[in-house]
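If you want the building blocks of each chain, they are given just below.
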Amino acid sequence: MTATSDVHAERGAGTPDDEVAIRLRGLHKVYDNGVVAVDNLNLDIRRGELVCLVGPSGCGKTTTMKMINRLIMPTSGRVEIDGGDVGDMNPVQLRRGIGYVIQQVGLFPHENIWNNVGEVPRLLGWPRKRRRDRADELLRLVGLNPAIYGDRYPAQLSGGQQQRVGVARALAADPPVLLMDEPFSAIDPIARAGLQREFIRIQGEVRKTIVMVTHDIEEALFMADRIAVFGAHGAAEQFDTPATILARPANEFVEDFVGGDRGIRQLSVTSVAGTALEATVVVDRAASAAEARAALQLRSRDWAVVLDEQRRPVGWVTASDLPDTGQVEAVMRGADGICVSTAQTLRHAAARILERDESWVLVVDDASRELLGALTLEHIHSAVRTPIGGDDRHDNDGDASGPADRTVGARP
């Protein structure tokens, strides 16, 4: 293992003990033929996070994952779950406490979906009603109506539906840890994208500690909280967030692996919430056209956002839209398609801008939908170029203390 690999493996090894769910220390696997599969691997995986192991074929991703649940024993080193060495644990009990999702699903063809989902709870001695209730709950969670799918057999389901059942089965006994080995790779691209989004939604509800093996860097960038990039012989070249790996690859190997278009990919992992915004002229929907025109002239702007009583955008208006008399609300343009939320990424924002004839899009708070400011392609370019951590929100003109100006014509 190179010195560079040591540095970046240890970057993930400084997490406080009470935050660590899975700890790999000095993990080493050499097969009888002398092949080094994993080389002195050190990773700390935090509770409730999804970590993707990525790298070229034969780099030790799957071997590492299988050492976590003792399907493969390490040559040396330790694997700890919640502080306990898995080498000291009963392997059967260990595996029953870990959810496992694999590429080919592995459902029992002769059992219906209810029984497939309830298999591990059955082995743990759960009573029949409790197993059925749990299966119904999880089938609903993965988007399958138990009244429709519960008594069907795997062969009666599509590949994507079978994969959903596999996820439900892995969650059945409520394990704290979930291992996933290329779970979506056998699914067609459209269904795969849907499953990825669905799984992220599920993880938002259940918050399991997940180790996922994938060869697809796009999948890892989309799904992972952190990514471990493996080089040759199981050496961890970098272990960090998707945004950091794209912005600051640790070495030439990582840079080549994530691809030459990493600047474009960075849009998909950079949140709108951390991006500098431009202050906008805002007017109340009850404001007069004269008030709106005066506000635009004062700031030398040619458009303004129209807000409701909760400071949520309901439309926008340009100087040329404003009549000599009358109210703003009568002439404002609609708000459809002009907003993105702080929960979305710069990729969503860039796409929204490119779909419009205007050069900006409004940013609203994801919860309250209150206006925060305007985002332009120049802001997006700056966000991608700015080092991580430089996310202070400011006005491009430098003349506003917040993202939006005082509302003109506000009701008392």
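Each remark here, short or long, concerns the structure printed above.
What counts and how
Residues numbered from 1 in each chain as written. Predicted model: local features only at pLDDT ≥ 70, side-chain atom pairs only at ≥ 80, totals over all residues. Heavy atoms only, no water. Pairing = 2+ DSSP bridges. Helix = DSSP H or I, 4+ residues; strand = E, 2+ residues; numbered from the N terminus. Contact = heavy atoms within 4.5 Å. Axes fitted to C-alpha atoms, helices over the stretch in contact; angles between N-to-C directions. Expected span 1.5 Å × (residues − 1). Buried < 20%, exposed > 50% of the residue type's maximum accessible area, 1.4 Å probe, protein only. Core = buried A, V, L, I, M, F, W, Y, C linked by side-chain atoms within 4.5 Å. Phe/Tyr/Trp six-rings, centres within 6.5 Å; stacked < 30°, edge-to-face > 60°. Lys NZ or Arg CZ within 6 Å of the ring centre and 35° of its normal. Parallel < 35°, antiparallel > 145°, perpendicular 65-115°, else oblique. Left-handed = near helix turned anticlockwise from the far one by under 90°. Nonpolar A, V, L, I, M, F, W, Y, C, P; charged D, E, K, R; others polar. Lys, Arg positive; Asp, Glu negative; His and termini not counted. Salt bridge = Lys/Arg side-chain N within 4 Å of Asp/Glu carboxyl O. Polar contact = N/O pair within 3.5 Å; in protein donor to acceptor, adjacent residues only side chain to side chain.

Caption draft 1: Examining the sheet that holds strand 1 (residues 20–30) more closely. Read from one edge of the open sheet, 4 strands run 2-1-4-5, paired in antiparallel fashion. Two strands bound the open sheet, and with one partner strand each, they are strand 2 (36–46) and strand 5 (84–85). Both strand 1 and strand 2 contribute to a ladder of 7 bridges, which runs antiparallel. Across the sheet, the residue bridging to arginine 23 is aspartate 44, located in strand 2. Each of strand 1, strand 2 and strand 4 (76–81) is contacted by helix 2 (residues 61–68), which is oriented at about 120 degrees to strand 1, the strand it contacts most.

Caption draft 2: Representation of helix 9 (residues 189–206) within the structure. With 18 residues, helix 9 ought to run about 26 Å at 1.5 Å a step, and its terminal C-alpha atoms sit 25 Å apart, in line with that. Taken together, the buried positions of helix 9 are occupied by Arg192, Leu195, Gln196, Glu198, Phe199, Ile202 and Gln203. Trailing helix 9 by a residue or two, arginine 207 shows a phi angle of about 50 degrees, which is positive.

Caption draft 3: Looking closely at the nonpolar core. Counting residues in hydrophobic clusters, the biggest one holds 44 residues, and the most contacted among them are Val117 and Phe199. Here this core gets 5 residues from one element, more than from any other, and that element is helix 8 (residues 159–171). Residues within four places of valine 117 in sequence aside, it is in contact with Ala135, Leu138, Leu139, Val165, Ala168, Arg169 and Ala172. Counting 29 residues, the second largest nonpolar core, distinct from the first, contains Leu43, Met67, Ala236 and Phe239.

Caption draft 4: Highlighting the packing of aromatic side chains. Counted under the stated rule, the structure contains 4 aromatic pairs. Among the aromatic side chains, those forming a connected cluster through ring pairs are Trp303, Trp316 and Trp360. Just above the ring of tryptophan 114 sits the side chain of arginine 132; from NZ or CZ to the centre is 3.8 Å. Lying across the ring of tryptophan 316, arginine 333 places its NZ or CZ 4.7 Å from the centre.

Caption draft 5: Molecular detail of unusual backbone geometry. A positive phi angle, near 50 degrees, is found at arginine 207, a position not held by glycine. Among the secondary structure elements, arginine 207 is positioned in the loop between helix 9 and strand 8 (209–213). Take arginine 207: its relative accessible area is 45%, and that puts it in the partly exposed class. Even without a glycine there, the phi angle at arginine 311 is positive, about 65 degrees. Within the fold, arginine 311 resides in the loop between strand 12 (303–307) and strand 13 (313–318).

Caption draft 6: Layout of the sheet that holds strand 14 (residues 333–334). With mixed pairing, the 4 strands of this open sheet are ordered in space as 11-12-13-14. Looking along the sheet, the strands with just one partner apiece sit at the ends: strand 11 (282–284) and strand 14. As paired elements, strand 11 and strand 12 share 3 bridges and run parallel to each other. When the sheet's bridge partners are listed, valine 282 is paired in strand 12 with valine 305.

Caption draft 7: Looking closely at the packing of helix 8 against helix 9. Interhelical geometry of helix 8 versus helix 9 gives an angle of 20 degrees and a closest axis separation of 11 Å. By the angle class used here, helix 8 and helix 9 are roughly parallel. Of the two possible hands of crossing, helix 8 and helix 9 adopt the one that is right-handed. Seen from helix 8, the contacting residues are Gly160, Gln163, Arg164, Val167 and Leu171; seen from helix 9, they are Leu195, Glu198, Phe199 and Ile202. Each residue belonging to the contact of helix 8 with helix 9 can be placed in one class, and the counts come to 5 nonpolar, 2 polar and 2 charged.

Caption draft 8: Layout of the environment of alanine 292. Within the secondary structure, alanine 292 sits in helix 14 (residues 289–299). Looking at alanine 292, the relative accessible area reads 0%, which means it is buried.

Caption draft 9: Fine view of the side chain of arginine 356. On the secondary structure map, arginine 356 appears in the loop between helix 15 (346–355) and strand 16 (360–364). Buried charge without a partner: arginine 356 forms no salt bridge, and the closest opposite charge is glutamate 358, 5.5 Å away. A polar side-chain atom of arginine 356 sits 2.5 Å from the main-chain carbonyl oxygen of tryptophan 360. With near-sequence residues (within four places) excluded, arginine 356 lies in contact with Trp316, Gly337, Ile338 and Val361.

Caption draft 10: Local environment of the pattern of salt bridges. One pass over the structure, following the stated rule, counts 19 salt bridges. As a salt-bridge pair, arginine 47 and aspartate 82 come within 2.5 Å of each other at their nearest N and O atoms. One end of the pair, arginine 47, is in the loop between strand 2 and strand 3 (50–54); the other, aspartate 82, is in the loop between strand 4 and strand 5, and 35 residues separate them in sequence. Take arginine 47: its relative accessible area is 45%, and that puts it in the partly exposed class. Judged by its relative accessible area of 44%, aspartate 82 falls in the partly exposed class. With a closest N to O distance of 3.0 Å, aspartate 321 and arginine 333 form a salt bridge.

Shape is all these values report; function is a separate question.
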